[in-house]
Amino acid sequence: MSGCFITFEGVEGCGKSTQIALLWEYLTEAGYDVIVTREPGGTPIAEAIRGVLLNPDHENMGPAVELLLYAAARAQHVFEKIAPALAAGQIVLCDRFADSTTAYQGAGRGLHAELLHTLNEIATGGVWPDCTLLIDVPVTVGLERARSRGRKDRIEQESIDFHERVRQGFLSLAASDHDRIHLIPGEASVDEVHQTIRRAVEALLAARVE
Ligand code: T5A
């Protein structure tokens, strides 16, 4: 049986990492073989690219360079980690994936949708999430949560307007793909959000064995 690819998306500080850890624990205890990974990153080469992308000193990075680096990190991540894990039948929980490029570089930076689509096709090699959990919070709530970590990375330093466009980009994606993208209200307590996510993933896994 091939594995199951589940991605988590949303604005800065929406609670993805927190929820991925809870879902990993739940699924592992239930006997599933689960790995957790993230974008940009997940492999040594892609983590090195992450360092370049998020370095707050790289404020002169052009939009095209940013786009190509996210795509390069994703191509290596899919090739080295995600595709082999799915082929081995594992559940892959991934903190961000190609929808982040559509939201940040598309809606946020204003890059052309067709260009993003082509690059996403190349970078993913056709490996696409079975299910995406979009945790939605107001931008100010997410940024306030993220701020508690200290120095902001290069993308967190962007304006509120940029982050609002990103949020709207995610919401548009969810509206256009109900089957894959589950919109999860993220302002509820950590446990309430976890329960909502659990129900969505249980339904997904049950449907796959029918
Ligand atoms: N990016 C990424 C692109 O521009 N294009 C792309 O193609 C890709 C893949 C990645 C950056 O790169 C950009 C997007 C990002 O800007 P990152 O460091 O991985 O950088 O940033 P994020 O993915 O945004 O990760 P964060 O850690 O900022 O956010 P999370 O993981 O969503 O949030 P989390 O779980 O760490 O929670 C943040 C805080 O909130 C609390 C937690 O305890 C924590 O303190 N919290 C809650 N508090 C109250 N109620 C809840 N329900 C809470 N849930 C969590």
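Look up: the structure comes first, before these words.
Going along each chain's sequence as written, the residues are numbered from 1 onward. Selection of residues for local features in this predicted model requires a pLDDT of at least 70, selection of side-chain atom pairs for listing and counting requires 80 or more, and totals for whole chains, interfaces and linings are taken over all residues. Side-chain numbers here rest on the full set of heavy atoms in the structure, without hydrogens or water.

A. Quick look at helix H7 (residues 160–176). Here a helix means four or more residues in a row that DSSP labels H or I, a strand means two or more in a row labelled E, and each is numbered from the N terminus. Expected helix span is computed as 1.5 Å times (number of residues minus one). Taking 1.5 Å of rise per residue, 17 residues should cover 24 Å, and H7 covers 24 Å from first to last C-alpha, within 8% of that figure. Burial in H7 covers these residues: Phe162, His163, Val166, Arg167, Gly169, Phe170, Leu173 and Ala174. Projected down its long axis, H7 carries its buried residues within an arc of 155 degrees, all on one side. Opposite the buried face of H7, by more than 90 degrees, sit the exposed residues Asp161, Ala175 and Ser176. Residue contacts are defined here by distance: any two heavy atoms, one from each residue, within 4.5 Å place the two residues in contact. Packed against the buried residues of H7 are strand S1 (4–9), helix H4 (98–108), strand S4 (131–136), helix H6 (139–147) and strand S5 (181–185). Relative accessibility decides the category of a residue: with a 1.4 Å probe and only protein chains considered, values under 20% of the type maximum give buried, values over 50% give exposed, and everything between is partly exposed. When we speak of the arc, we mean the arc of directions from the helix axis to the C-beta atoms.

B. Here's a closer look at the environment of leucine 67. Note on placement: leucine 67 falls in helix H3 (residues 63–87). When neighbours within four sequence positions are excluded, leucine 67 is seen to be in contact with Thr101, Gln105, Leu111, Leu115, Leu116 and Leu119.

C. Just the site of the ligand, in detail. Whether a residue is near a molecule or strand is decided by its heavy atoms; if any one of them lies within 4 Å of it, the residue is near. In the vicinity of the ligand, 28 residues are found, and the nearest of them are Lys16, Ser17, Thr18, Thr101 and Arg149. Any N or O atom pair separated by 3.5 Å or less is treated as a polar contact, with the protein-specific requirement of one donor-capable and one acceptor-capable atom, and with residues adjacent in sequence counted only for side-chain atom pairs. Interatomic distance of 3.2 Å between a backbone N/O atom of glycine 13 and an oxygen atom of the ligand. For the ligand, a nitrogen atom lies 2.9 Å from a polar atom in the backbone of alanine 188. For the ligand, the accessible surface in isolation is 1000 Å², of which the surrounding protein chains cover 82%. If you list the elements that add at least two residues to the shell around the ligand, you get helix H1 (16–29), helix H2 (44–54), H3 and H4. If one sorts the elements of the shell around the ligand by residue count, H4 sits on top with 4 residues. Each residue gets one of three labels, nonpolar for Ala, Val, Leu, Ile, Met, Phe, Trp, Tyr, Cys and Pro, charged for Asp, Glu, Lys and Arg, and polar for the others, Gly among them. Here the shell around the ligand is built from residues that sort into 8 nonpolar, 9 polar and 11 charged. The Shrake-Rupley method, run with a 1.4 Å probe, gives the accessible areas here. Residue values count only the displayed protein chains as cover.

D. Just the nonpolar core, in detail. Working definition of a nonpolar core: buried Ala, Val, Leu, Ile, Met, Phe, Trp, Tyr and Cys residues. They are joined through side-chain atoms within 4.5 Å. Counting 41 residues, the largest nonpolar core has Ile6, Phe8, Leu93, Leu133 and Ile197 as the members making the most contacts within it. For this core, the element with the most residues is helix H8 (residues 190–209), which contributes 6 residues. Not counting residues within four places of it along the chain, the set of residues in contact with leucine 93 comprises Ile6, Phe8, Ile20, Leu23, Trp24, Leu27, Val34, Ile35, Val36 and Thr37.

E. Region of the structure containing the sheet that holds strand S3 (residues 91–95). Read from one edge to the other, the open sheet built from 5 strands follows the order S2-S3-S1-S4-S5, with strand pairing classed as parallel. Every other strand in the sheet has two partners, leaving strand S2 (34–38) and S5 as the edge strands with one partner each. In this sheet, adjacent strand axes meet at a mean angle of 20 degrees when their direction is disregarded. Direction of pairing for S1 relative to S4: parallel, over a ladder of 4 bridges. Residue threonine 7 lies in a different strand from S4, and its bridge partner there is threonine 132. On the sheet, H1 packs against S1, S2, S3 and S4 and is oriented at approximately 170 degrees with respect to S3. At least two bridges found by DSSP between two strands are what make those strands a pair. Angles run from 0 to 180 degrees between N-to-C directions of axes, and those axes are lines fitted to C-alpha atoms, restricted for helices to the stretch in contact.

F. Spotlight on the environment of arginine 74. Examined against the element boundaries, arginine 74 turns out to sit in helix H3. Overall, the relative accessible area of 2% leaves arginine 74 in the buried class. Separated by 48 residues in the primary sequence, arginine 74 and tyrosine 26 place their C-alpha atoms 27 Å from one another. When neighbours within four sequence positions are excluded, arginine 74 is seen to be in contact with Glu39, Phe97, Ala98, Thr101, Asn120, Ala123 and Thr124.

G. Region of interest: the packing of H4 against helix H5 (residues 113–124). For the pair H4 and H5, the least separation of the axes is 10 Å and the interaxial angle reads 150 degrees. One way to sum up the angle between H4 and H5 is to call them roughly antiparallel. For the pair H4 and H5, the sense of crossing is right-handed. Of H5, the residues touching H4 (which contributes Ala98, Thr101, Thr102, Gln105 and Gly106) are Leu116, Asn120 and Thr124. Small angles under 35 degrees read as roughly parallel and large ones over 145 as roughly antiparallel, with 65 to 115 read as roughly perpendicular and the rest as oblique. Handedness of a crossing is defined here by the sense of rotation of the near helix relative to the far one, left-handed for an anticlockwise turn of less than a right angle and right-handed for a clockwise turn.

H. Local environment of the packing of aromatic side chains. To pair, rings of Phe, Tyr and Trp, with the six-membered ring standing in for Trp, must have centres within 6.5 Å; the planes then decide the type, stacked if under 30 degrees apart, edge-to-face if over 60, and tilted in the middle. In total, this model carries 4 aromatic pairs according to the counting rule given. Relative to tryptophan 128, the ring of phenylalanine 97 has its centre 6.2 Å away and its plane inclined at 65 degrees; by these criteria the two rings are edge-to-face. Of this pair, phenylalanine 97 sits in the loop between S3 and H4 while tryptophan 128 sits in the loop between H5 and S4; the two residues are 31 residues apart in sequence, bridging distant segments of the chain. Its relative accessible area of 38% is what places tryptophan 128 among the partly exposed residues. Arranged with centres 6.2 Å apart and planes meeting at 55 degrees, the rings of tyrosine 104 and phenylalanine 162 form a pair that is tilted. Taken together, the residues tyrosine 104 in helix H4 and phenylalanine 162 in helix H7 connect sequence positions 58 residues apart. A single burial state applies to tyrosine 104 and to phenylalanine 162, both of which are buried. Through successive ring pairs, a cluster of aromatic residues spans Phe5, Phe97 and Trp128. A cation over a ring is seen here: arginine 74 above phenylalanine 97, with NZ or CZ 5.4 Å from the ring centre. Two thresholds decide whether a charge sits over a ring: the Lys NZ or Arg CZ must be within 6 Å of the ring centre and within 35 degrees of the ring normal.

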